[in-house]
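The primary structure of each chain is shown beneath.
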Amino acid sequence: MHEILKLEHIQKYYGDRGNITKAIRDISFSVQEGEFVGIMGASGSGKTTLLNCIATIDTVSAGKIGLDGVSVTELKEKDLARFRRENLGFIFQDFNLLDTLTISENIALALAINQTPAAEVEGRVAAIAGTLNITDILNQYPYEVSGGQKQRCACARALVNHPKLILADEPTGALDSHSAQMLLNTLRSINEQFEATILMVTHDAFSASYANRILFLRDGAVFTELRKGGDSRKAFFEKLLDVLTAMGGGPARGC
């Protein structure tokens, strides 16, 4: 398989000489093209900090990050910003949609930032909206639609530029259980149908059970790794709970 993301000995410090906190402690792993990888851990374990290091790259205190064979930690600031725009897609817990723009315009904004030719924009928005079943709300504003529809709009915005890697930060955190399950099914469908590579941070074992591989963090380091393999989602969920118990427990929904 083709390696999309590679982290080598990543470390992240906060504070000064007299009071240094190591949020990330020498983490190394890779993600293959088409994988759906989850990152789990208790509050303060470093999972969101790790995702931010990958997303912003220049915040890394030590180590190297490579994306699709390019050492992005060595890019200059201007090249780095462009590289992120062209290669990364983001799905946030709080959607990050602009209420003054319609759903269609929110999706199209990602294309405009990447200077996509105007003649292509409408077709690409329509195509991704059809895939995510939000065609009927394209002319509505975010405040006029449900949380689940907002999150599918956020997925469309993340996917419309065909990024090499999608970073999802607690994507179900602001959703009710029904909307969360719909979104997770959407992410799994995106992963399977389009071979989209997804890296998702979550504290929730139910959400994590939709991924194919889980990295468990504790105190800023990788505690262990679990692969789904041929297990059903329910069997994988039970194994996730066993690991969380071994780590000292953690929140989880029923499966």
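How each quantity is defined
Residues numbered from 1 in each chain as written. Predicted model: local features only at pLDDT ≥ 70, side-chain atom pairs only at ≥ 80, totals over all residues. Heavy atoms only, no water. Axes fitted to C-alpha atoms, helices over the stretch in contact; angles between N-to-C directions. Helix = DSSP H or I, 4+ residues; strand = E, 2+ residues; numbered from the N terminus. Parallel < 35°, antiparallel > 145°, perpendicular 65-115°, else oblique. Left-handed = near helix turned anticlockwise from the far one by under 90°. Contact = heavy atoms within 4.5 Å. Nonpolar A, V, L, I, M, F, W, Y, C, P; charged D, E, K, R; others polar. Pairing = 2+ DSSP bridges. pLDDT = per-residue confidence, 0-100. Expected span 1.5 Å × (residues − 1). Buried < 20%, exposed > 50% of the residue type's maximum accessible area, 1.4 Å probe, protein only. Arc of directions from axis to C-beta. Lys, Arg positive; Asp, Glu negative; His and termini not counted. Salt bridge = Lys/Arg side-chain N within 4 Å of Asp/Glu carboxyl O.

Quick notes on the packing of helix H3 (residues 103–113) against helix H4 (residues 118–131)
Running from amino to carboxyl end, H3 crosses H4 at an angle of 120°, the nearest separation of the two axes being 10 Å. When the axis of H3 is compared with that of H4, the two are oblique. In the packing of H3 onto H4, the handedness of the crossing is right-handed. Taken together, the residues of H4 that come into contact with H3 (itself represented by Ser-104, Ile-107, Ala-108 and Leu-111) are Val-121, Arg-124, Val-125 and Ile-128. For the contact of H3 with H4, the class distribution of residues is six nonpolar, one polar and one charged.

Some details on the pairing of strand E4 (residues 62–67)
Pairing between strand E1 (residues 3–16) and E4: five bridges, direction antiparallel. Bridging from a neighbouring strand, Leu-7 pairs with Ile-65 of E4. Alignment of E4 against strand E5 (residues 70–71), held across two bridges, turns out to be antiparallel. When the bridges of E5 are listed, Gly-66 appears paired with Ser-71. Linking E4 to E5, which pair antiparallel, is a turn of two residues; within it Asp-68 sits at a positive phi near 55°.

Describing the confidence of the model for the protein chain
Residues with a pLDDT of 70 or more make up 97% of the protein chain, whose mean pLDDT is 90. Long-range and interchain partners of residues 251–255, a stretch whose pLDDT sits below 50, account for 20 contacts in this model, where long-range means more than four residues apart.

Description of H4
In a regular helix each residue adds 1.5 Å, so 14 residues correspond to 20 Å; H4 covers 21 Å between its end C-alpha atoms and thus fits that length. The set of residues buried in H4 consists of Val-121, Val-125, Ile-128 and Ala-129. Along the axis of H4, the buried residues cluster in a sector spanning 100°; they form a single face. Buried positions along H4 lie against H3 and helix H5 (147–159). Looking one or two residues past H4, Asn-133 carries a phi angle of roughly 60°, positive in sign.

Quick notes on helix H8 (residues 233–247)
Over its 15 residues, H8 runs 21 Å from end to end, which matches the ideal 21 Å to within 8%, given 1.5 Å per residue. Buried within H8 are the following residues: Arg-233, Phe-236, Phe-237, Leu-240, Val-243, Leu-244 and Met-247. Across the axial projection of H8, the buried residues extend over an arc of 120°, all falling on one side. Turned more than 90 degrees away from the buried face of H8, the exposed residues are Lys-234, Asp-242, Thr-245 and Ala-246. Looking at the buried side of H8, the elements it contacts are strand E3 (36–40), helix H6 (177–194), helix H7 (205–208), strand E9 (213–218) and strand E10 (221–227).

Topic: the sheet that holds strand E2 (residues 19–32)
Taken in spatial order, the four strands line up as E2-E1-E4-E5 in an open sheet, and their pairing is antiparallel. Edge strands, defined here as strands with exactly one partner in the open sheet, are E2 and E5.

So, the side chain of Arg-157
In this structure, Arg-157 sits in helix H5. The charged side chain of Arg-157 is buried without a salt bridge, its nearest counter-charge being Asp-94 at 7.4 Å. Contacts of Arg-157, omitting those with residues within four sequence positions, involve Phe-90, Phe-92, Phe-95, Asn-96, Leu-97, Asn-106, Ile-107 and Ala-110.

Observations concerning the environment of Leu-184
By the element assignment, Leu-184 lies in helix H6. Setting aside residues up to four positions removed in sequence, Leu-184 forms contacts with Thr-172, Met-200, Phe-206, Ser-207 and Tyr-210.

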